[in-house]
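# Examination of the molecular architecture
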Amino acid sequence: MSSQKNIDAGPGFGPRRNAMIRVLTMVFVALLVAMLLLGTVLVLLQLAGLLIGSSDFIIGVSKTLGPLTYWVAAAFGTFTLILAMAHGWKSAD
């Protein structure tokens, strides 16, 4: 006789909402990993350009990877909000 609720089921969510939450969580994790990897590669390549003393390389890396990194970060932030709302969060909370 346990009074604990099943954590996987969520707070009374139906099977469709749980499936949606699982999909949103997978997208959230994929975007998080992509954002962290892109940011790390961007910074490390800029550091390499600094060490070799090539400002053209640093600017090229920023122009190449910067926009993609920012778009992925924006998508990550959006999916963070969507996932929070799917879990029942409201802006008034």
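These lines cover the structure that appears in this document, whether it is placed above or below. As a convention, each chain's residues are numbered from 1 in the sequence order in which they are written. Local features in this predicted model are restricted to residues whose pLDDT is 70 or higher, and side-chain atom pairs enter the listing and the counts only when it is 80 or higher, whereas totals over whole chains, interfaces and linings include all residues. Side-chain descriptors were evaluated using all non-hydrogen atoms of the structure, hydrogens and water having been removed beforehand.

Count 3.6 residues to each turn of an α-helix, and residues three or four apart come out pointing the same way. Given a rise of 1.5 Å per residue, 38 residues ought to cover 56 Å, and the 55 Å separating the end C-alpha atoms of helix H1 (residues 15–52) matches this to within 8%. Using a 1.4 Å probe on the protein chains alone, a residue whose accessible area is under 20% of its type maximum counts as buried, one over 50% counts as exposed, and one in between counts as partly exposed. Numbering of helices and strands runs from the N terminus; a helix is a DSSP stretch of H or I covering at least four residues, while a strand is a stretch of E covering at least two. Residues Asn18, Ile21, Leu24, Leu31, Met35, Leu38, Leu42 and Gly49 constitute the buried set of H1. Contact criterion: two residues are considered in contact whenever any of their non-hydrogen atoms come within 4.5 Å of each other. Packed against the buried residues of H1 are helix H2 (55–86). Among the residues trailing H1, glycine 53 stands out with phi positive, at a value near 75°. Every helix has an expected span of 1.5 Å times one less than the residues it contains.

Moving on to the packing of H1 against H2. Fitting a line to C-alpha atoms yields each axis, with helices limited to the stretch in contact; the angle taken between N-to-C directions then spans 0 to 180 degrees. Across the interface, H1 lies against H2 with an axial gap of 8 Å and an inter-helix angle of 160°. Taken as axis vectors, H1 and H2 run roughly antiparallel relative to one another. Where H1 crosses over H2, the two elements pack in a sense that is left-handed. Lys, Arg, Asp and Glu make up the charged group, whereas Ala, Val, Leu, Ile, Met, Phe, Trp, Tyr, Cys and Pro make up the nonpolar group; the residues left over, Gly among them, are polar. Its residues assigned to classes, the contact of H1 with H2 comprises 28 nonpolar, 8 polar and 1 charged. Comment on the angle field: the value is read as roughly parallel under 35 degrees, roughly antiparallel over 145, roughly perpendicular from 65 to 115, and oblique elsewhere. For a crossing to be left-handed, the near helix must be turned anticlockwise from the far one by less than a right angle; the clockwise case is right-handed.

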